[in-house]
Amino acid sequence: MPEDTILSRQTTVNLVPYIGQRFVSQDAAYEFYCSYAKQCGFSIRRHRTRGKDGVGRGITRRDFTCHCGGYPQLKPSDDGKLQRKRNSSRCGCQAYMRIVKRADFDVPEWRITGFSNVHNHELLKSIEVQLLPAYCTMSADEKSRICMFAKAGMSVRQMLRLMELEKGVKVGCLPFTEIDVRNLLQSFRNVDRDNDAIDLLKMCKEKKDKDPNFKYNFKIDVNNRLEYISWSYATSIKSYESYGDAIIFDTTHRLDAYDMLLGIWIGVDNHGANCFFGCVLLRDETLQSFSWALKTFLSFMNGKVPETILTDQNMWLKEAVAIEMPRTKHAFCIWHIFSKFLDWFSTLLGSQYEKWKAEFHRLYNLDSVEEFEVGWKEMVDTYELHGNNHIVSLYALRSFWALPFLRCYFFAGMTSTFQSESINAYIQRFLSAQSVLDNFIEQAAAFVDAKDQAGVNQKMPRKVHRVSLKTGSPLESHAATVLTPHAFCKLQDELVLAPQYASLMVDESYYTVRHHTVMDGGCKVIWAPHNHFMSCSCHLFEFSGILCRHVLRVISTNNCFHIPDQYLPIRWRDVTSPLIRPVQTSTYGMHTGKVHILQSLFSTLITESIETEERLDVACDQIALVLTRIKEFPGPLHSGNDIAYNSPSDSLMLREVEDSDGIAQSFTGNPLESLTLGKLKERRSRDGVEIYRKRRHCSVPCCGQFGHDANDCPMMGGDDLDGVGLGFL
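The residue numbers shown here count from 1 along each chain, following its written sequence. Since the coordinates come from a predicted model, pLDDT governs what is reported: local features require at least 70, and pairs of side-chain atoms require 80 or more to be given and counted, while whole-chain, interface and lining totals use all residues. Side-chain measures here rest on the full set of heavy atoms in the structure, leaving out hydrogens and waters.

The name given to the protein chain in an unreviewed UniProt entry is Protein FAR1-RELATED SEQUENCE, with Escallonia herrerae as the source organism. If you open the UniProt record of the protein chain and go to Function (unreviewed entry), you find "Putative transcription activator involved in regulating light control of development." Under the heading Subcellular location (unreviewed entry), UniProt records this for the protein chain: "Nucleus". UniProt positions are given in the numbering used here, feature names are shortened, and annotations may be inferred rather than shown by experiment.

Put into structure tokens, the structure is as follows:
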């Protein structure tokens, strides 16, 4: 098992736990402490935790204690009476080991922060300690041999004697007892693997009868055993149509009851939530098995091939993807590679391990392939890793994991460490939901449906979502009306950082953008405003679908107040927002200037109106009058001539805008009703409308003049806007 490998290599370094010792996972730490405890003469158990799987940052601290730690508690039975007192090994022993999760360079690992080996009881001898329940374990090979012996008609005692002879141990010194073998044989009887094909196929057929859109496929071998089976649900196929551009095919888990590899296809929707696409069970890990799985999956999805796919570092799977998805960019999940570093390099590099790891992450996150090649050579020379097999293999496969080679492809943010933890927690919850194997297909469907319904319930309130505008930029307010909160927050982060960069024009459409503390280098930005084309050498937009700070800096310094439609991908848009409409490019181009002005006015209107309730009242009343007057003019002959992001005539919905004090304002529903009556609190109706006559300074961003009277502003009092009646500003 992989855990055994990690354990054996770590224990050869230092078997005694010490403060600061690092582990790749909780399981690795548990196995290490378990091995140490076994040699000392006690066993351990998992104790307190801080955090919870799948919630927030997940579990961040774990305590392991001696099996004699704590005291026994009397629990009342169903009839209210206390249970009879039983002998217990718990005597309040204080021996323990504590591990805490750290995330250096965005790579999570566990470190020992507390350790005590002081016991208040006698420690067991080596012959006695192996009989503790914690050490009565059987490997997968041992289970397979016991199953073979049972089919040959051997008794349990005969099995034990034969295995003792094979292992060369004394009688009674196996790591498991006769009771353990009998329990294992009983579990085999509960799940008859010879009839697994009949059971699983029956489940799929029943599901197909209930749901005609459910899809499944299978293959039976010559011995009438289930070799492969794959399935997908109607909701999964529908989700794939929208979000199947970037997917993960996870093959790191097994379904032990059927002794088959479990593969799960997962993606990310427009709100950043994980979505389930399909499942497959494979008897073995071969090129033929993986090819069948990928081919079947594509048939479920009507032949739609993903743009990118992330998988584990499996050479057979790599070959299968190249055959079945030749046009798909294949990459390895970097978190699976990172998790092996401690085992691969901590002993080899010793005290230099942390410094090397920092350098590796710097290379991994570079933008340029040329810089990566130069930096990799320097790293190998510095740490003398020329003959290391892992380094040689990583370099040979660099185009499958290093970001400089992947940034030109869309991965929907699934390469980040945070997203990887979210996906892993999703898979763990999926597996834990399968409590009864006799009904696996239905339970998996119930889990997927529950997640889909939870996603719907979560997204319904987002029709009027609270958005905090941080920059006051028209680019920000425009994006807030189009993107989902998940995508908008990522774009907003780039907008906040954009002012820290200097934009230097090289020629008419070519710019160099670099941080204000850097004197040379930087990213190369191409911006052609006449055809709304933008590109940056960092390739953040191609990689994640979000415009980078470099492009945002260039367009903001060149008085562009509107993000072109093609740079707000439909994939990241809020499909529930009525502000989004298809755009006719020719018509939109005729009104580009007016739309920019209107968006700037709209952004300023919200910012100024939420300062006081009186301002809000006046703004609501005046907007209602403006909309009424606009409706008096004849509309377009065809719906295709609508201007981008123009609201429907029968409703207006603005996202909630939160000011610096955290006060949220929102408008929903019919314009006349919501804008005159739908305030934050009810107010009495009025006979007339009070309009500000007070002299106010103009704050329209696009007029280019500040400090003059708003009523005299050339942008607000011109012919273009007189007919719209926005003079109340």
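That covers the picture; the talk isn't over yet.
Points about the overall build of the protein chain
Strands here are runs of E lasting at least two residues and helices are runs of H or I lasting at least four, both read from the DSSP assignment and numbered beginning at the N terminus. Looking only at helices and strands, one finds 26 helices and 19 strands in the protein chain. Contact definition: two residues touch when any of their heavy atoms are within 4.5 Å. When contacts within the protein chain are restricted to residue pairs at least 6 apart in sequence, those whose partners lie at least 24 apart make up 60%. Looking at the protein chain as shown, the accessible area adds up to about 38000 Å², and 52% of this sits on carbon and sulfur atoms. A 1.4 Å probe and the Shrake-Rupley method give the accessible areas. Residues count as covered only by the protein chains that appear here.

Quick look at helix α24 (residues 613–631)
Since the α-helix advances by 3.6 residues per turn, residues separated by three or four positions end up pointing in the same direction. For α24, spanning 19 residues, the distance from its first C-alpha to its last is 27 Å, which sits close to the expected 27 Å at 1.5 Å a residue. The rule is simple: take the accessible area with a 1.4 Å probe, protein chains only, and divide by the maximum for that residue type; under 20% is buried, over 50% is exposed, in between is partly exposed. Within α24, the full set of buried residues consists of L616, D617, V618, A619, C620, D621, Q622, A624 and V626. Helix span, expected: 1.5 Å multiplied by one less than the number of residues in the helix.

Structural notes on the sheet that holds strand β17 (residues 533–536)
Taken together, four strands build an open sheet; the order of strands is β14-β15-β16-β17 and the sheet is antiparallel. Looking at which strands have only one partner, the edges of the open sheet turn out to be β14 (501–507) and β17. The sheet shows a mean angle of 20° between the axes of neighbouring strands, direction not considered. When DSSP locates at least two bridges between a pair of strands, those strands are taken to pair. Fitted lines through C-alpha atoms give the axes, limited to the stretch in contact for helices. The angle between two N-to-C directions lies from 0 to 180 degrees.

Points about the packing of aromatic side chains
For any pair of aromatic rings, geometry is given as the distance between the ring centres together with the angle between the planes. Stacked, edge-to-face and tilted are the three classes for Phe, Tyr and Trp ring pairs, Trp counted by its six-membered ring, which pair at centre distances within 6.5 Å; planes under 30 degrees apart are stacked, over 60 edge-to-face, the rest tilted. Enumeration over the complete set of coordinates arrives at 37 aromatic pairs. Summarising the aromatic geometry, the rings of W356 and F360 are spaced 5.5 Å apart at their centres and angled 40° between planes, so their arrangement reads as tilted. A residue pair is termed a helical-turn pair when its members lie 3 or 4 positions apart in one helix, as W356 and F360 do in helix α13 (residues 353–364) at four residues. Comparing W356 with F360, the two get one shared label, buried. Seen in terms of ring centroids, F360 and W376 are 6.0 Å apart; in terms of plane orientation they differ by 65°. Their pairing is edge-to-face. Separated by 16 residues along the polypeptide, F360 in helix α13 and W376 in helix α14 (residues 369–383) bring together distant segments of the chain.

Points about the pattern of salt bridges
Salt bridges, as used here, are contacts in which a Lys or Arg side-chain nitrogen is within 4 Å of a carboxyl oxygen on Asp or Glu. Applying the stated rule across the entire model yields 20 salt bridges. Put simply, R157 and E178 hold a salt bridge, and the shortest N to O gap is 3.9 Å. One end of the pair, R157, is in helix α5 (residues 156–167); the other, E178, is in helix α6 (residues 178–190), with 21 residues separating them in the sequence. R157 sits in the exposed class, given a relative accessible area of 56%. A salt bridge links R398 to E373, with the nearest nitrogen and oxygen atoms 2.9 Å apart. Of the two residues, R398 is situated in the loop between α15 (389–396) and α16 (417–432) and E373 in helix α14; the sequence distance between them amounts to 25 residues. Given a relative accessible area of 24%, E373 falls into the partly exposed group. Within this structure, R22, E109, R111, E354 and K357 form a network of salt bridges that share partners.

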